[in-house]
Amino acid sequence: MLNEIFNKINSANKILILTHVNPDGDTLGSAVCMKEYLGKKADILVQTDKITSIPYNYQFLDALQDAKYLDTIKDEYDLIVALDIASIDRIVSTARKIFDRSRNTICIDHHKTNRGFASINFIKGGYSSTGEVLFEMFEKKGIQITKKMAEGLYVAILTDTGCFKYENVTPKTFTVASSLSKTGIDTSYIAKKCYDNKPKSMITFQADIIKNCKFLFDDRVVYSIITQEKMDKYKVKNEHTEGIVETLRSISNVDISILLKENSDKTTKVSLRSKSCDLTPVVEHFHGGGHKMAAGCTIKKPAKEAIELILDEISKCLN
Ligand SMILES: [Mn+2]
């Protein structure tokens, strides 16, 4: 399958590198690596509307400077490569129309819940990140990873492993990180850009959300709700909610943390993290997806009703 993928990539004239909605470091970093490898014949599509809507901490990546957006993308590609996209519903709007029309599609991913929505699906469930999957693909093909490619892959791996902290880290993850660092990338600079670069409003907003959390099941479960009013009060965007659910999980007795973000249409985006419980059955009940200890779903109810439904499912997995 690896040969088939590289044959397609090498013979295509115009390639669209597709990242997922609410882009994170793995999808963007992997896309940067792929773009640095392919050069001019490839475009990255970020499913937002301009460079300033890319999360503030990933805007430093060079290959994102000339990315395409939902309002500037044209249907002119003979191959689409989807990176870190767990399911087809993470491709929206114009991007979805272009994807659905294309017969030549490749999906490269590491989500165990990914059922394969492209014509070729290269899914490695046990890998820390799509970045780690890509590294191995290039390595197996004997393709040299340049410094610019390595920078993207390092962002992908660093962020998807929570700075090499999560259970998805294997000995191989460190070997890959070591190889990447040997290309001469500045790993400390990258970490500062990704983590020590937050706007003031983000921290005051997060303090408010964390302060208003609720504990349940003898402190084993904690949740907090983000409303649109709160977001407006602090003038923050979705990307500034990053890290809250992990902070809640970091409390000593907590096993499961839940962050509910109520959208303006009264649907609720639910993010879950755990220290030991498998969250995949919980989110699959609501047609969501993700990993064992980091998963999410959207519930078509306001947050106050969504939390009750989620807690019902969680109580089953706590027992
Ligand atoms: Mn990922």
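Every value quoted in this text rests on a predicted model; they were computed, and no experiment measured them.

### Overview of the overall build of the protein
Helix and strand counts for the protein stand at twelve helices and twelve strands. Taking 2.2 N^0.38 as the reference for a compact globule, 319 residues should give roughly 20 Å; the C-alpha atoms of the protein span a radius of gyration of 19 Å, in line with that estimate. Overall, the protein is about 55 × 40 × 40 Å in size when its C-alpha atoms are taken along their principal axes. The 319 residues of the protein split such that 43% are buried. Expressed as a percentage of contacts within the protein between residues at least 6 apart in sequence, the contacts between residues at least 24 apart total 65%.

### Considerations on the packing of helix α5 (residues 147–160) against helix α7 (residues 187–195)
Following both chains from N to C, one finds α5 and α7 inclined at 55 degrees, their axes separated by 11 Å at the closest point. In terms of orientation, α5 and α7 fall into the oblique class. Here the hand of the crossing between α5 and α7 comes out right-handed. Facing Glu151, Tyr154, Val155, Leu158 and Thr159 of α5, the residues of α7 in contact are Thr187, Ile190, Ala191 and Cys194.

### Considerations on the domain arrangement of the protein
Much of the literature gives interface size as the accessible area that the parts lose upon coming together. Taken domain by domain, the protein consists of domain 1 (2–195) and domain 2 (201–318). Look at where the C-alpha atoms of domain 1 and domain 2 centre, and you get two points 26 Å apart. Taken together, the contacts link twelve residues of domain 1 with eight residues of domain 2. Residues belonging to the side of domain 1 that touches domain 2 are distributed by class as follows: four nonpolar, six polar and two charged.

### Considering the pairing of strand β5 (residues 105–109)
For β5, the buried fraction is high: five of the five residues fall into the buried class. Side chains of β5 alternate between two faces, with Thr105, Cys107 and Asp109 and Ile106 and Ile108 buried alike. Handedness of the crossover joining strand β4 (residues 79–83) and β5 through helix α3 (residues 93–101) is recorded here as right-handed. Here four bridges tie β5 to strand β6 (residues 120–123), and the two strands are oriented parallel to one another. Across the sheet, Cys107 pairs through a bridge with Asn121, a residue of β6.

### So, the environment of Cys317
Considering the arrangement of structural elements, one finds Cys317 in helix α12 (residues 303–318). Taking the C-alpha atoms as reference, Cys317 lies 40 Å from Tyr189; in sequence the two are 128 residues apart. Residues within four places of Cys317 in sequence aside, it is in contact with Cys277, Asp278, Pro281 and Val282.

### Observations regarding the sheet that holds strand β8 (residues 221–226)
As summarised here, the arrangement of the six strands in space is β7-β8-β9-β10-β12-β11, forming an open sheet in which the pairing is mixed. Sheet topology places β7 (214–216) and β11 (289–290) at the edges, where each strand pairs with a single neighbour. In the sheet, β8 pairs with strand β9 (residues 256–262) via six bridges, with the strands oriented parallel. The partner of Ser224 across the bridge, within β9, is Leu259.

### Digging into unusual backbone geometry
Notably, Asn22 is not glycine yet its phi reads approximately 45 degrees, a positive angle. When you line up the elements, Asn22 lands in the loop between β1 (15–18) and α2 (25–38). Here Asn22 falls in the partly exposed class, since 16 other C-beta atoms lie within 10 Å of it. Positive phi is not limited to glycine here, since Asp219 has a value of about 70 degrees. Inspection of the secondary structure assignment puts Asp219 in the loop between β7 and β8.

### Observations regarding the nonpolar core
Counting 53 residues, the largest nonpolar core has Ile17, Leu18, Val81 and Leu153 as the members making the most contacts within it. Top element by residues in this core is α5. It accounts for eight residues. Every residue in contact with Ile17, bar those within four places of it in the chain, is listed here: Ala31, Met34, Lys35, Ala42, Asp43, Ile44, Leu45, Val81 and Leu83.

### Considerations on the sheet that holds strand β3 (residues 68–69)
In space, the six strands of this open sheet follow the order β3-β2-β1-β4-β5-β6, with parallel pairing throughout. A single partner strand is all that each edge strand has here, and the edge strands are β3 and β6. The pairing of strand β2 (residues 42–46) with β3 spans two bridges and is parallel. Directly across from Val46, in β3, lies its bridge partner Tyr69. Its contacts with the sheet place helix α1 (residues 2–11) against β1, β4, β5 and β6, and it is angled at close to 120 degrees to β6.

Thresholds, definitions, all that
- Residues numbered from 1 in each chain as written.
- Predicted model: local features only at pLDDT ≥ 70, side-chain atom pairs only at ≥ 80, totals over all residues.
- Helix = DSSP H or I, 4+ residues; strand = E, 2+ residues; numbered from the N terminus.
- Rg over C-alpha atoms; globule rule 2.2 N^0.38 Å.
- Buried ≥ 20, exposed ≤ 12 C-beta atoms within 10 Å, placed from the backbone.
- Contact = placed C-beta atoms within 7 Å.
- Axes fitted to C-alpha atoms, helices over the stretch in contact; angles between N-to-C directions.
- Parallel < 35°, antiparallel > 145°, perpendicular 65-115°, else oblique.
- Left-handed = near helix turned anticlockwise from the far one by under 90°.
- Domains from an automatic or database assignment.
- Nonpolar A, V, L, I, M, F, W, Y, C, P; charged D, E, K, R; others polar.
- Right-handed = clockwise from strand over helix to strand, strands pointing away.
- Pairing = 2+ DSSP bridges.
- Core = buried A, V, L, I, M, F, W, Y, C linked by C-beta atoms within 7 Å.

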